[in-house]
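Residue-level structure breakdown
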Amino acid sequence: MSKRLHPLMLVGTGSDVGKSVIATALCRIFLQDGFQPAPFKAQNMALNSFVTPDGKEIGRAQAVQAEACHLAPHTDMNPLLLKPNSEHTTQVVLNGKPIGNRSAYEYFRKEGRGELRKAVNEAFDRLSAQYSPIVMEGAGSVSEINLRDSDLVNMPMARYANADVVLVADIDRGGVFASCYGSVMLQTEEDRKRIKGIIVNKFRGDIKLFEEGRKMLEDICQVPVLGVVPMYNHIAIDAEDSVQLEHKHRSATSNKINVAVVLLRHISNFTDFAVLERDERFNLFYTNNAEDVEEADIIILPGTKSTLDDLYWLRRQGMANAIIRAHKAGKKVVGICGGFQMLGQSVNDPDGVEGSLKSLPGLGLLPIETTMTAEKMTRQVEFEFAETKCKGYEIHQGRSTTDQMVLHEGNCWGTYIHGFLDNPVVIDHLIDGLGRTQQPMVDIEQFKEQQYELLAEHVRKYVDIPQLYSIISEETE
């Protein structure tokens, strides 16, 4: 007799309720307890993506969860990735490679869903043959009944995987009783039976005050509440949803190195700047205000899913001129991926890869021209910077007229490499001459390990893990 764990799926009462973070915590908890877990999300919609060792693209959340499992990220963990473009279309990435753009109507209609469903099911089967338990994640709200027939990621996936389901609710946004009750009761009778527990997330205040509410929630939903997890501010886990950027620091300060990240409309891979947020020498903030840009010591143009559309927006908002003025005043400017393309002489899209804009002048700070191409470059890379070996990854469409991995002209740097700022030698080079004492950065891998351990400890404290094990356990011959 050997013990095997059912797949566990976390679904939400809505978007941004904390499913990804709870899934990350459970991945680490199962690993700590001697199991071999792996994450799985059939379909993800995100601009914050990651490149696997074999050069394929998946959602950042599943890469983080894989890291928590001590696994290399793989496309089977997120076989279908949707990356919203401008002009109301979405790039569809299947098994790590783009297969074209779709409008929302085209994507969610019933015709043609069979092929995608087959692909995500096969990815799950390959993963579940190697690992246990599979920590699955749904998407958005689990009760979008108008999309039930075309849904690939929530309860239909749970049925295919024969998974036990836990509903995650965000109490901070209010309406937790209605959202939980509605999420349970709007399921079919078959699917309702799969929901084995509720986790109330993002609680503020004294949990004892919610004891009566917890019992009432169990009574109306007829589902046990497995835990009430408080908000935390002592743990740093890479986020996937750019909605969180609105809550970041918004202005300069006098006692630190001010880093302004331009808040583009289609910003992507903002986790490039997480290391600066954690470094006490820096005050990093996101802004779309020209005055903020000119007050900063370092200005970063980040990656974007739509370079031309965001470049047009920069010019229309006066941000382009503000960056140029700051550069002339001696401020340091860094462009990463799409931001790198914008810093050149021009960005051209003769084939309409991104949309209807065919060409725009860049900011003219770097001697490159860029032409958008349908083919996407996705790869992990190693590069040398200041005679030091560094690493990162590339995800971009378009080719620029340079063979240098990092282009440096005066007080301006440009690169296609995500993770560029995770390398301590790069940070040391950037702050040189800014009059601040250089301090050694914390090793990024060691720091991440500490955060996963802290997250697991936090969730263990507030979620009934033994009860969760009893839900997902079975004996097999």
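Each value, and the rule that gives it
- Residues numbered from 1 in each chain as written.
- Predicted model: local features only at pLDDT ≥ 70, side-chain atom pairs only at ≥ 80, totals over all residues.
- Heavy atoms only, no water.
- Helix = DSSP H or I, 4+ residues; strand = E, 2+ residues; numbered from the N terminus.
- Rg over C-alpha atoms; globule rule 2.2 N^0.38 Å.
- Contact = heavy atoms within 4.5 Å.
- Salt bridge = Lys/Arg side-chain N within 4 Å of Asp/Glu carboxyl O.
- Buried < 20%, exposed > 50% of the residue type's maximum accessible area, 1.4 Å probe, protein only.
- Pairing = 2+ DSSP bridges.
- Polar contact = N/O pair within 3.5 Å; in protein donor to acceptor, adjacent residues only side chain to side chain.
- Axes fitted to C-alpha atoms, helices over the stretch in contact; angles between N-to-C directions.
- Patch = residues over 30% accessible without salt bridge, like charges linked within 9 Å, V, L, I, M, F, W, Y side chains within 5 Å.
- Areas by Shrake-Rupley, 256 points an atom, 1.4 Å probe, with all protein chains shown as cover.
- Phe/Tyr/Trp six-rings, centres within 6.5 Å; stacked < 30°, edge-to-face > 60°.
- Expected span 1.5 Å × (residues − 1).

The next point concerns the overall build of the protein. Summing up its helical and strand segments, the protein has 16 helices and 26 strands in all. Here the C-alpha radius of gyration of the protein, 23 Å, is about what a compact globule of 477 residues would show, namely 23 Å. Based on the C-alpha atoms only, the size of the protein along its principal axes is roughly 65 × 50 × 40 Å. Within the protein, residue pairs in contact and separated by at least 24 positions form 74% of the contacts whose partners lie at least 6 positions apart.

Another point: the pattern of salt bridges. The full count for this structure, using the stated rule, is 21 salt bridges. In this structure, Lys376 and Glu57 form a salt bridge, with 2.8 Å as the shortest nitrogen-oxygen distance. Here Lys376 is found in strand S22 (residues 369-385), whereas its partner Glu57 is found in strand S6 (residues 57-59), with 319 residues between them in sequence. The residues Lys376 and Glu57 share a single accessibility class, namely buried. Arg265 serves as the salt-bridge partner of Asp309, at 2.6 Å between the closest nitrogen and oxygen. One end of the pair, Asp309, is in helix H11 (residues 307-317); the other, Arg265, is in the loop between strand S14 (257-262) and strand S15 (267-268), with 44 residues separating them in the sequence. Three or more residues are tied together by salt bridges with common partners; here these are Arg28, Glu449 and Glu453.

Now for the pairing of strand S10 (residues 134-141). The buried fraction of S10 is high, at seven of eight residues. Examined bridge by bridge, strand S2 (residues 8-12) and S10 share four bridges and lie parallel to one another. Across the sheet, the residue bridging to Gly12 is Ser141, located in S10. Here strand S3 (residues 38-40) pairs with S10 via three bridges, running parallel. Each bridged residue has a counterpart across the sheet, and for Ala38 the counterpart in S10 is Ile134.

A few words now on the side chain of Ser346. Along the chain, Ser346 turns up in strand S20 (residues 346-348). By relative accessible area, which is 11% here, Ser346 ends up buried. Within the structure, Ser346 has its side chain in polar contact with the side chain of Asn348 (distance 3.3 Å). Among all residues touching Ser346, those that are not within four sequence positions of it are Leu360, Pro361, Gly362, Ile368, Glu369 and Thr370.

Here we take up the sheet that holds strand S19 (residues 332-336). Spatially, S16-S14-S17-S19-S25-S24 is the arrangement adopted by the six strands of the open sheet, whose pairing is mixed. Every other strand in the sheet has two partners, leaving strand S16 (282-287) and strand S24 (406-409) as the edge strands with one partner each. Mean inter-strand twist for the sheet, computed between neighbouring axes without regard to direction, equals 15°. The sheet contacts of helix H14 (residues 424-431) involve S14, S16, strand S17 (298-301), S19, S24 and strand S25 (412-415), and relative to S19 the element is tilted by about 150°.

A word on the sheet that holds S2. The strands making up a sheet associate through hydrogen bonds between their backbones, and the pairing can be parallel or antiparallel. With respect to topology, six strands assemble into an open sheet ordered S3-S10-S2-S11-S12-S13, the strand pairing being parallel. Strands with a single pairing partner mark the edges of an open sheet, and in this sheet they are S3 and strand S13 (225-230). In this sheet, adjacent strand axes meet at a mean angle of 20° when their direction is disregarded. Docked against the sheet, helix H6 (residues 176-185) engages strand S11 (164-170) and strand S12 (195-203), running at close to 155° with respect to S11.

Attention now moves to a nonpolar patch on the surface. There is a patch of nonpolar side chains on the surface, built from Phe177, Tyr181, Met185, Met216 and Ile220 and spanning about 430 Å² of accessible area. Those elements that place two or more of their residues in the nonpolar patch are H6 and helix H8 (211-221). Considering every element that reaches the nonpolar patch, the biggest residue donor is H6, with three residues. Here Ile220 shows up in helix H8. Ile220 gets classed as partly exposed once you look at its relative accessible area, which sits at 39%.

Let us look at the packing of aromatic side chains. Evaluation of the coordinates by the stated rule reveals 11 aromatic pairs. Centre to centre, the rings of Phe50 and Tyr393 are 4.7 Å apart; their planes meet at 55°, and the pair counts as tilted. Of this pair, Phe50 sits in strand S5 (residues 49-51) while Tyr393 sits in strand S23 (residues 388-400), and the two are 343 residues apart along the sequence. Take Phe50: its relative accessible area is 17%, and that puts it in the buried class. Tyr393 gets classed as buried once you look at its relative accessible area, which sits at 5%. The rings of Phe30, Phe35 and Tyr469 are connected pair by pair, giving a single aromatic cluster.

Moving on: the environment of Lys19. Looking at where Lys19 falls in the secondary structure, it is placed in helix H1 (residues 19-32). In the structure, Lys19 is positioned 78 residues away from Lys97 in sequence and 25 Å away in space, judged by C-alpha atoms. Beyond its immediate chain neighbours, meaning those up to four positions away, Lys19 contacts Leu10, Val11, Gly12, Gly14, Glu137, Gly138, Ala139, Gly140 and Val168. Of note is the side chain of Lys19, whose polar atom sits 3.3 Å from the backbone oxygen of Gly14.

Take helix H15 (residues 444-462) next. In this model, H15 (19 residues) spans 28 Å end to end at C-alpha, consistent with the 27 Å of a helix rising 1.5 Å per residue. When we look at burial in H15, the residues that qualify are Ile444, Phe447, Lys448, Gln451, Tyr452, Leu455, Ala456, His458 and Val459. Buried residues in H15 make contact with H1, helix H2 (60-68), S13 and helix H9 (274-278). Near the N-terminus of H15, the side chain that reaches the backbone nitrogen of Glu445, with its oxygen 3.2 Å away, is that of Asp443.

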